[in-house]
Amino acid sequence: MLEKKKTDWRLRHTNFGQLYQNLQRKNARDRAKVFRVNVGQRAFRANFKGLNSTDAGGPYRDLLDKIVAEIQSPVLPLFVPCPNQRSATGDNRNAFVPRPVPQTNSALILSGFELVGQLCGLAMRSGNMLPFNFPSIVWKQLVNDTVTVDDVTAIDALSFQIVREIEDALKRKKFSSDAFNSVMSD
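Here is what the cut-offs are and how they apply
Residues numbered from 1 in each chain as written. Predicted model: local features only at pLDDT ≥ 70, side-chain atom pairs only at ≥ 80, totals over all residues. Heavy atoms only, no water. Axes fitted to C-alpha atoms, helices over the stretch in contact; angles between N-to-C directions. Helix = DSSP H or I, 4+ residues; strand = E, 2+ residues; numbered from the N terminus. Parallel < 35°, antiparallel > 145°, perpendicular 65-115°, else oblique. Contact = heavy atoms within 4.5 Å. Nonpolar A, V, L, I, M, F, W, Y, C, P; charged D, E, K, R; others polar. Salt bridge = Lys/Arg side-chain N within 4 Å of Asp/Glu carboxyl O. Buried < 20%, exposed > 50% of the residue type's maximum accessible area, 1.4 Å probe, protein only. Phe/Tyr/Trp six-rings, centres within 6.5 Å; stacked < 30°, edge-to-face > 60°. Expected span 1.5 Å × (residues − 1). Lys, Arg positive; Asp, Glu negative; His and termini not counted.

A. Here's a closer look at the packing of helix α1 (residues 15-24) against helix α5 (residues 106-126). Running from N to C, α1 and α5 point in directions that differ by 95°, and their axes come no closer than 11 Å. Judged by the angle between their axes, α1 and α5 are roughly perpendicular. For the pair formed by α1 and α5, the contact residues are Phe16, Leu19, Tyr20 and Leu23 on the first element and Leu108, Ser111, Gly112, Leu115, Val116 and Leu119 on the second. Its residues assigned to classes, the contact of α1 with α5 shows eight nonpolar, two polar and no charged.

Okay, structure coming up:
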């Protein structure tokens with residue numbers, strides 16, 4: 001999919017999508033059990049078609065890395081590069097933020113985000129750390145920590161530069177609040 005520069009909107013044609021589809025075939029109780037592992041355990045067996053590999057951990061680890069790479073690419077409709085990455089400015093130029101959920105396929109996309117959360121939990125329980133490149137604003141939301149202006153600035157420096165310039169102009173009375181509101185409401 002990545003080579004074809006297409007997005008797997010139905011979560012079927014990627015490694016992530018295949019894992020998602022296989023989990024959907026299980027009942028809810030069995031699906032939850034898949035991710036309840038101890039340190040060093042694998043949640044499932046990885047079997048790459050056309051490769052006669054024995055999954056002693058290598059294919060499993062490779063699959064997890066490929067899934068994370070897909071999650072952080074245009075091939076899945078879940079995450080997008082943060083604004084600083086797109087503008088090549090500021091911090092977190094390698095970070096990804098959740099893509100807004102579209103009106104169509106919203107239940108499917110939300111369950112895709114749920115699988116990302118399950119993979120994060122799996123990484124913590126099993127000790128198989130995954131190379132997610134999420135900025136502090138994403139992690140803070142996940143652990144119910146307070147998001148600060150610095151967290152937002154760390155993903156979108158250009159927007160905050162504009163906000164600061166507007167604030168400075170208002171403080172210096174070069175631009176009245178009424179004029180600003182009039183322009184911005186149009």
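B. Up close: the pattern of salt bridges. Enumeration over the complete set of coordinates arrives at three salt bridges. Two residues, Arg61 and Asp65, come together in a salt bridge whose shortest N-O distance is 2.6 Å. You can see Arg61 and its partner Asp65 sitting in helix α3 (residues 58-71), four residues apart, about one turn around the helix. According to the relative accessible area criterion, Arg61 is partly exposed, its value standing at 24%. Between Lys66 and Asp62 there is a salt bridge, and its shortest N-O distance comes to 3.5 Å. Taken together, the residues Lys66 and Asp62, both in helix α3 and four residues apart, mark about one turn of the helix.

C. Structural view of the packing of aromatic side chains. Scanning all chains against the criterion turns up five aromatic pairs. Residues Phe79 and Phe113 carry aromatic rings whose centres are separated by 5.4 Å and whose planes lie at 80° to one another, so their mutual orientation is edge-to-face. Here Phe113 lies in helix α5 and Phe79 lies in strand β1 (residues 79-81), a separation of 34 residues in the sequence. Residue Phe79 shares its accessibility class with Phe113, and that shared class is buried. Ring geometry for Phe134 versus Trp139: centroids 5.3 Å apart, planes at 55°, classification tilted. On the accessibility criterion, Phe134 (9% relative accessible area) is buried. Under the relative-accessibility criterion, Trp139 is labelled partly exposed at 35%.

D. Highlighting unusual backbone geometry. Its identity is not glycine, yet Ala88 carries a phi of approximately 55°, on the positive side. Along the chain, Ala88 falls in the loop between α4 (83-87) and β2 (96-98). With a phi angle near 60°, Asn92 is a residue other than glycine that sits in the positive phi range. If you trace the backbone, Asn92 turns up in the loop between α4 and β2.

E. Spotlight on helix α8 (residues 157-171). If you check α8, its first and last C-alpha atoms are 21 Å apart, about what 15 residues at 1.5 Å a residue would give, namely 21 Å. A positive phi of about 60° marks Lys173, the residue just after α8.

F. Inspection of the environment of Gly17 at higher detail. Along the chain, Gly17 turns up in helix α1. Judged by its relative accessible area of 0%, Gly17 is buried. Each C-alpha atom, one on Gly17 and one on Ile67, is 8.9 Å from the other, the two residues being 50 residues apart in sequence. Aside from chain neighbours lying at most four places away, what touches Gly17 is Asp8, Leu11 and Arg12.

G. The packing of α1 against α3, seen in detail. Between α1 and α3, the least distance of the axes is 8 Å, while the angle of their chain directions is 110°. Relative to α3, α1 is oriented roughly perpendicular. For the pair α1 and α3, the contacting residues are Asn15, Phe16 and Leu19 in the first and Leu63, Lys66, Ile67, Glu70 and Ile71 in the second. Residue composition of the contact of α1 with α3, by class: five nonpolar, one polar and two charged.

H. Examining the side chain of Asp8 more closely. Note that Asp8 resides in the segment before α1. One buried charged side chain, Asp8, makes no salt bridge at all; its nearest oppositely charged neighbour is Arg12, positioned 6.6 Å away.

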